[in-house]
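Structural characterization, general
Here's the letter readout for the chains.
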Amino acid sequence: MKEKYLPLTATIVVFLALFGIGGLLYNNFLSTLVLGDILADNAFIIIAAIGTTFVIISGGIDLSIGSMIGFVGVVMANLDVVGWHPLASGAMMLVFGLGFGALQGLIIDFCDIQPFIVTLAGLFLLRGGCFMINLDSVPIRNDFVHDFASVSIPLPGDGELHSSALVMLVAWLAAIVIAQFTRFGANVYAIGGDKTSAALMGVPMRRTMVGIYALGGFYSALGGVIYALYTSSGYPLAGTGNELTAIASVVLGGTLLTGGVGLVAGTLFGGMIFGLIATLINFNGTLNGAWIMIIGGVLLFLFIVLQRFLVGSFRLRGAA
Amino acid sequence: MTQTPMTTNTKQFSFLAAARALAAHKVVWPLAALAVIFFIDFLISPNFFSIRMVEGRLFGSVIDVFYRAVPTAMVALGMAVVIGTKGIDLSVGSIIAIVGAVITWRIHAGDPHLLILFWALGVGLLCGLWNGFLVAALDIQPIIATLILMVSGRGIGLMINLLYGGTNPSYTSALLQGLSTGHIAFIPTRLVVFLLVFVVLWALLRHTALGMFLESVGGNAKAAYLTGINARLITFSAYIICGLTAAAGGVILCADTHTSDPVSIGRNIELDAILAVVIGGGSLAGGRIYLGMTILGALVIQALTTSILSSGLPPEYNLVVEAIVVMGVLLLQSANFRNLALSVLARRKR
């Protein structure tokens with residue numbers, strides 16, 4: 001097996017193993033119903049994480065994801081009040097996400113400021129924007145929300161693939177194509193591997209950097225649209241801290257924060273591992289808030305160690 | 001720079017060159033930002049700079065900025081060290097939560113209060129060891145490694161609170177509250193404590209080889225290792241230092257409200273601390289530690305927060321204004337942006 005598929009394989013093995021352990025612990029856990037729900041519940045964050053995968057592969061980071069999710073929801077809800085169709089406001093927010101990401105990319109590249117800081121300012125700006133628009137939760141009452149939620153494809157067993165999961169899978173496939181089969185995708189890997197070499201080889205730096213963050217902004221805005229439709233509301237605190245979950249999903253999916261190494265495909269499984277953690281805790285039902293935080297941390301630790309161990313042992317076998 | 005005197009060419013050039021050199025110096029822009037913020041405060045309320053004596057201590061808006069900046073600045077000192085090794089520590093807020101919970105727990109258990117300071121530092125040490133173990137021994141990327149404690153730390157704090165009942169227990173301690181809100185000869189005690197921590201850390205970094213080792217590991221860990229530096233041990237020490245300064249910040253922050261409130265104490269302090277380091281010219285790519293500049297960064301952030309609150313703007317605007325000012329400072333620090341701005345200005349003049 002090619003070495004670059006090792007982390008992805010390890011992530012999938014960990015995911016399946018944990019799904020199996022869940023099945024041993026709880027009745028009815030091993031079903032397409034649970035799987036479909038994990039996909040639907042976490043679709044918005046996985047979508048945002050897919051966009052971030054490009055950013056991280058290029059050696060950068062995007063902290064503005066969570067705020068973007070909240071901001072998109074708040075704007076869509078307020079436009080709904082004045083009679084906009086969610087599709088129209090959603091499309092506008094996708095363009096906004098693209099533009100906002102492009103601006104972040106431009107500042108990062110042109111002014112040579114660290115992505116962590118530029119996108120941290122983006123986080124503050126968008127979250128502050130949410131608070132300036134309104135402080136309460138605003139419902140989205142358009143019938144389209146209901147219609148959107150009722151679309152689904154039945155899976156074998158009791159489960160079904162909800163509309164949000166469908167959007168996520170389409171976005172995921174599109175991202176795989178962009179990353180693996182386009183010149184832009186190759187440029188992203190080149191920049192992440194070694195920025196100077198990439199520039200010397202003739203990679204158009206500014207265009208690619210702007211494109212990377214624009215793509216990240218677009219995907220997080222798409223995550224925000226899905227979240228707003230899924231919860232049928234806009235809440236200014238929505239998505240708080242989701243940037244870290246998204247980044248952790250990318251890393252659990254086998255992408256290195258140092259850049260140049262990783263697969264978009266892995267992010268889906270990384271995000272699903274996080275969904276699985278939440279579902280395992282929910283299935284127990286007796287844990288209080290403090291335990292949920294602690295167990296979340298413990299499971300994160302176990303996953304990371306397990307994944308490292310799997311990758312390490314695979315490598316050893318390959319070498320022998 | 002826009003008011004360049006139009007005298008002879010040579011004079012103008014030397015002036016421009018001096019201005020350019022000044023503009024490129026890292027201390028200028030944070031200092032300028034602080035000056036501008038203070039000046040706007042002065043315009044809003046003319047008695048901003050007045051310092052008077054109330055109940056035997058100095059009192060005034062400027063003192064208040066320094067006073068409130070202490071916890072963030074304390075945390076930011078350790079953060080500067082970790083960032084200097086190309087790392088990052090997201091768990092400082094959680095460390096503060098655990099420290100607050102342990103302090104309250106031990107006071108309720110009846111320990112002597114001086115001992116409790118060691119409990120607090122012990123917690124910081126332990127958390128630093130854990131983070132250091134993950135980063136240095138297990139080679140996990142810092143942002144993910146410290147995310148583990150960030151996620152679970154506040155839960156641990158809540159569990160400690162539950163040990164002896166009570167959700168948000170409070171305490172009274174002359175020693176701890178004195179360290180935080182008291183004063184020694186007009187000067188707030190926490191400023192003295194902070195100065196002490198700063199001097200100790202500065203001496204540790206600049207009068208032993210540790211500072212150079214830390215920066216060399218941050219610059220290039222492999223090269224540092226090949227020159228005979230025990231890179232793992234050095235990385236370990238960075239996270240321990242960060243854990244200890246976070247604990248010190250936690251003692252002050254917790255004594256402020258003399259309550260253990262793990263859910264909300266020190267929320268987002270990791271972001272403020274990282275921002276303070278970056279405004280102070282520290283690069284997340286590692287290799288440099290600027291302790292003094294980091295304090296300046298923390299002051300800029302606190303001055304901004306204080307002035308938004310005192311200016312009567314609704315607090316909802318806080319984040320947006322903070323984002324804009326931080327971006328402004330960073331853009332001005334960027335040579336490319338300065339050149340662009342200069343050329344735009346020059347074109348307009350013509």
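Cut-offs and rules
Residues numbered from 1 in each chain as written. Chains lettered and ligands numbered in written order. Predicted model: local features only at pLDDT ≥ 70, side-chain atom pairs only at ≥ 80, totals over all residues. Helix = DSSP H or I, 4+ residues; strand = E, 2+ residues; numbered from the N terminus. Rg over C-alpha atoms; globule rule 2.2 N^0.38 Å. Buried ≥ 20, exposed ≤ 12 C-beta atoms within 10 Å, placed from the backbone. Contact = placed C-beta atoms within 7 Å. Domains from an automatic or database assignment. Nonpolar A, V, L, I, M, F, W, Y, C, P; charged D, E, K, R; others polar. Expected span 1.5 Å × (residues − 1). Arc of directions from axis to C-beta.

**With respect to the overall build of chain A**
- Broken down by element type, chain A carries 14 helices and 4 strands.
- In summary, chain A has a C-alpha radius of gyration of 20 Å against a globular reference of 20 Å for 320 residues, a match within 12%.
- Each principal axis of the C-alpha distribution contributes one length, and for chain A these read about 65 × 55 × 35 Å.
- Split into buried and exposed, the 320 residues of chain A put 51% on the buried side.
- Long-range contacts, defined here as pairs at least 24 residues apart, represent 81% of the contacts in chain A between residues at least 6 apart.

**A word on the domain arrangement of chain B**
All names here are of chain B.
- Examined at the domain level, chain B breaks down into domain 1 (54-307) and domain 2 (313-350).
- Using only C-alpha atoms to locate each centre, domain 1 and domain 2 end up separated by 30 Å.
- Contact with domain 1, which involves 4 residues of that partner, is made by 6 residues of domain 2.
- Breaking the side of domain 1 that touches domain 2 down by element, the ones donating at least two residues are helix H12 (269-279) and helix H13 (291-311).

**Quick notes on the interface of chain B and chain A**
- Across the boundary between the two partners, chain B contributes 35 residues, which contact 33 residues of chain A.
- Looking at the side of chain B that touches chain A, the elements that each hand over two or more residues are helix H6 (142-163), H12, helix H14 (318-333) and helix H15 (335-349) of chain B.
- For the side of chain B that touches chain A, the leading source of residues is H6(B), giving 13 residues.
- Split by residue class, the side of chain B that touches chain A holds 25 nonpolar, 7 polar and 3 charged.

**Overview of helix H8 (residues 189-206) of chain B**
Residues and elements named next belong to chain B.
- Here H8 spans 25 Å end to end across 18 residues, near enough to the 26 Å set by a 1.5 Å rise per residue.
- Every buried residue of H8 is accounted for by Arg-190, Phe-194, Leu-201 and Leu-205. Viewed end-on, H8 has its buried residues packed into an arc of 35 degrees, placing them on one side of the element. Of the exposed residues in H8, the ones pointing more than 90 degrees away from its buried face are Leu-196, Val-199, Val-200 and Ala-203.
- Buried residues along H8 sit in contact with helix H3 (61-84), helix H7 (174-181), strand S4 (187-188), helix H9 (210-219), helix H11 (231-257) and H13.

**A closer look at the environment of Ser232(A)**
Residues and elements named next belong to chain A.
- In this fold, Ser-232 is placed in the loop between helix H11 (205-231) and strand S4 (233-234).
- In this structure, the C-alpha to C-alpha distance between Ser-232 and Gly-122, residues 110 residues apart in sequence, is 25 Å.
- Apart from the residues within four sequence positions on either side, Ser-232 is in contact with Pro-139, Ile-140 and Val-145.

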